[in-house]
Amino acid sequence: MVELFQFELGQVCSRLSSGKGISAKEVHEIGEYPVYGGNGLRGYTDQSNFEGECAIIGRQGAYCGNVRYFSGAAYMTEHAVVLCANEKNDTRYLAYLLSIMNLGRLSGQSAQPGLSVKSLAKQIVSLPSLSEQKIMADTLSALDEKIENNSKINHHLEQMAEAIFKSWFTEFEPTKPFTSIVQVLGGGTPQTNTAEYWNGRIPFFTPKDAIETYVLSTEKSLTESGLNNCNSRLYPVNTVFVTARGTVGKLAMAGAPMAMNQSCYALVGNAGYGQYFVYHLALKTVESLKHKASGAVFDAIVTRDFESEIVPAPSVESVWVFEEKVAPFYKAILNNLKESARLAAIRDALLPRLMSGELSVADMDTK
């Protein structure tokens with residue numbers, strides 16, 4: 001057990017305040033400094049109003065109460081609360097502690113929806129000594145740094161695969177309709193009020209799950225009975241999913257066999273066309289659809305949108321050379337994601353036990 005001492009949050013901070021407003025025209029896709037608001041990263045700008053390390057707390061928006069650790073220079077908006085520990089405490093430790101305190105629950109306690117700095121400052125936190133804080137933060141951040149490193153490696157690997165695809169196929173002739181190369185398949189949802197269909201072992205892909213290149217786990221899952229009573233087949237690994245409604249145009253590949261709901265399409269290559277080629281062809285096609293919708297609301301993709309797209313149609317032999325070239329990249333991406341999922345599970349299991357004082361790093365070292 002670790003001895004803990006109670007304080008109001010405001011007592012252990014050298015700064016606990018919101019950032020400042022910035023106009024939308026000053027926020028760009030590329031810039032020198034990241035811009036953080038209530039929902040996280042908004043974009044980039046050419047000026048900063050913060051430098052150092054801090055915990056960023058989402059003050060308003062969909063991620064109200066969300067906490068992230070940041071180190072460097074950035075622009076913090078009025079919708080982000082910036083927290084810096086005083087000299088007797090560790091900022092990274094406070095960020096980890098606040099991340100499990102469900103701060104979003106405080107957003108309804110004021111006249112205006114959102115977190116008030118005043119209510120945050122009054123929150124009671126239980127803290128160990130500074131030395132214990134640093135050791136615990138170092139232990140947890142080592143896991144997060146490995147996860148972040150895996151993410152960077154995956155980004156570079158996918159960029160390499162995309163560069164090969166573009167150099168081989170962007171100006172390729174002949175061309176054909178997208179649907180002559182790729183099957184566009186549908187999904188479905190079993191009755192939501194039938195308990196025996198849900199919470200089984202079969203992942204059930206929906207637009208919310210399109211986060212990484214591969215989907216390993218999903219928010220919802222089906223039983224065998226649920227799969228047998230919906231309009232989705234069990235799609236194999238490397239099936240390409242594209243979101244067609246809700247958050248439109250996001251792509252991901254199945255990292256495990258899974259079913260899919262009716263707000264998405266599953267893309268499967270016709271005979272001889274491999275799934276890595278299909279993935280990159282789909283990226284190109286969705287970008288084309290977005291470009292055509294410029295100035296209009298891009299709120300859905302329907303089958304005829306794919307039918308109207310004309311795409312490169314290389315020989316099967318050329319496609320398989322491409323598949324063999326990029327397969328090691330995607331196998332590494334999938335393995336890195338699996339490792340990151342394991343590390344995140346370890347971190348999430350350790351976090352509450354370390355923060356509560358139930359477990360110390362010394363206890364972990366002796367096991």
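So, here's what we can say about the structure.

**So, the overall build of the protein chain**
Turning to step 1, where the next piece is worked out: Each helix and strand in the protein chain was counted, giving 8 helices and 18 strands.
Turning to step 2, where the next piece is worked out: With the C-alpha coordinates aligned to their principal axes, the bounding extent of the protein chain is approximately 70 × 50 × 40 Å.
Turning to step 3, where the next piece is worked out: Relative to its full complement of 367 residues, the protein chain shows a buried share of 47%.
Turning to step 4, where the next piece is worked out: Looking at the protein chain as shown, the accessible area adds up to about 18500 Å², and 50% of this sits on carbon and sulfur atoms.
Turning to step 5, where the next piece is worked out: In the protein chain, 33 side chains carry a positive charge and 38 a negative one; their mean positions are 4 Å apart.

**What about the nonpolar core?**
Turning to step 1, where the next piece is worked out: In this structure, Leu267, Phe277 and Tyr330 are the most contacted members of the largest nonpolar core, which totals 39 residues.
Turning to step 2, where the next piece is worked out: Broken down by secondary-structure element, the contributors of at least two residues to this core are α3 (130-169), β14 (240-243), β15 (251-254), β17 (264-269), α5 (275-292) and α7 (316-355).
Turning to step 3, where the next piece is worked out: The element best represented in this core is α7, accounting for 9 residues.
Turning to step 4, where the next piece is worked out: Aside from chain neighbours lying at most four places away, what touches Leu267 is Phe178, Val182, Gln183, Val184, Thr239, Val240, Val242, Gln275, Val278 and Ala282.
Turning to step 5, where the next piece is worked out: The next biggest cluster of nonpolar side chains, apart from the first, holds 38 residues, and it includes Val2, Ala55, Ala137 and Leu143.

**Some remarks on the pairing of β17**
Turning to step 1, where the next piece is worked out: Counting buried positions along β17 yields 5 of 6 residues, so the element is predominantly enclosed.
Turning to step 2, where the next piece is worked out: With 4 bridges joining them, strand β10 (residues 182-185) and β17 adopt antiparallel strand pairing. In the strand pairing of β17, Leu185 is matched with Ala266.
Turning to step 3, where the next piece is worked out: One ladder, built from 4 bridges, connects β14 with β17; its direction is antiparallel. Each bridged residue has a counterpart across the sheet, and for Val240 the counterpart in β17 is Leu267.

**Describing the side chain of Asn150**
Turning to step 1, where the next piece is worked out: Structurally, Asn150 is set in helix α3.
Turning to step 2, where the next piece is worked out: For Asn150, a relative accessible area of 2% corresponds to the buried category.
Turning to step 3, where the next piece is worked out: If near-sequence neighbours (up to four positions away) are discounted, Asn150 is found in contact with Asn336, Glu339 and Ser340.

**A closer look at the sheet that holds strand β5 (residues 50-58)**
Paired through backbone hydrogen bonds, the strands of a sheet run either parallel or antiparallel to each other.
Turning to step 1, where the next piece is worked out: With mixed pairing, the 6 strands of this open sheet are ordered in space as β2-β7-β5-β6-β3-β4. A single partner strand is all that each edge strand has here, and the edge strands are β2 (13-18) and β4 (40-45). This sheet shows a mean twist of 40° between the axes of neighbouring strands, independent of strand direction.
Turning to step 2, where the next piece is worked out: As paired strands, strand β3 (residues 33-37) and β4 are joined by 5 bridges and run antiparallel to one another. Bridging from a neighbouring strand, Tyr36 pairs with Leu41 of β4.

**Observations concerning the pattern of salt bridges**
Turning to step 1, where the next piece is worked out: Following the criterion strictly, the structure yields 11 salt bridges and no others.
Turning to step 2, where the next piece is worked out: Residue Glu339 is joined to Lys146 by a salt bridge in which the shortest nitrogen-to-oxygen separation is 3.8 Å. Taken together, the residues Glu339 in helix α7 and Lys146 in helix α3 connect sequence positions 193 residues apart.
Turning to step 3, where the next piece is worked out: By relative accessible area, which is 25% here, Glu339 ends up partly exposed.
Turning to step 4, where the next piece is worked out: Taking the shortest distance from any N to any O, the salt bridge between Lys208 and Glu219 comes out at 3.7 Å.

About the thresholds
Residues numbered from 1 in each chain as written. Predicted model: local features only at pLDDT ≥ 70, side-chain atom pairs only at ≥ 80, totals over all residues. Heavy atoms only, no water. Helix = DSSP H or I, 4+ residues; strand = E, 2+ residues; numbered from the N terminus. Buried < 20%, exposed > 50% of the residue type's maximum accessible area, 1.4 Å probe, protein only. Areas by Shrake-Rupley, 256 points an atom, 1.4 Å probe, with all protein chains shown as cover. Lys, Arg positive; Asp, Glu negative; His and termini not counted. Charge placed at Lys NZ, Arg CZ, Asp CG, Glu CD. Core = buried A, V, L, I, M, F, W, Y, C linked by side-chain atoms within 4.5 Å. Contact = heavy atoms within 4.5 Å. Pairing = 2+ DSSP bridges. Axes fitted to C-alpha atoms, helices over the stretch in contact; angles between N-to-C directions. Salt bridge = Lys/Arg side-chain N within 4 Å of Asp/Glu carboxyl O.

That's the geometry; what it means functionally is another story.
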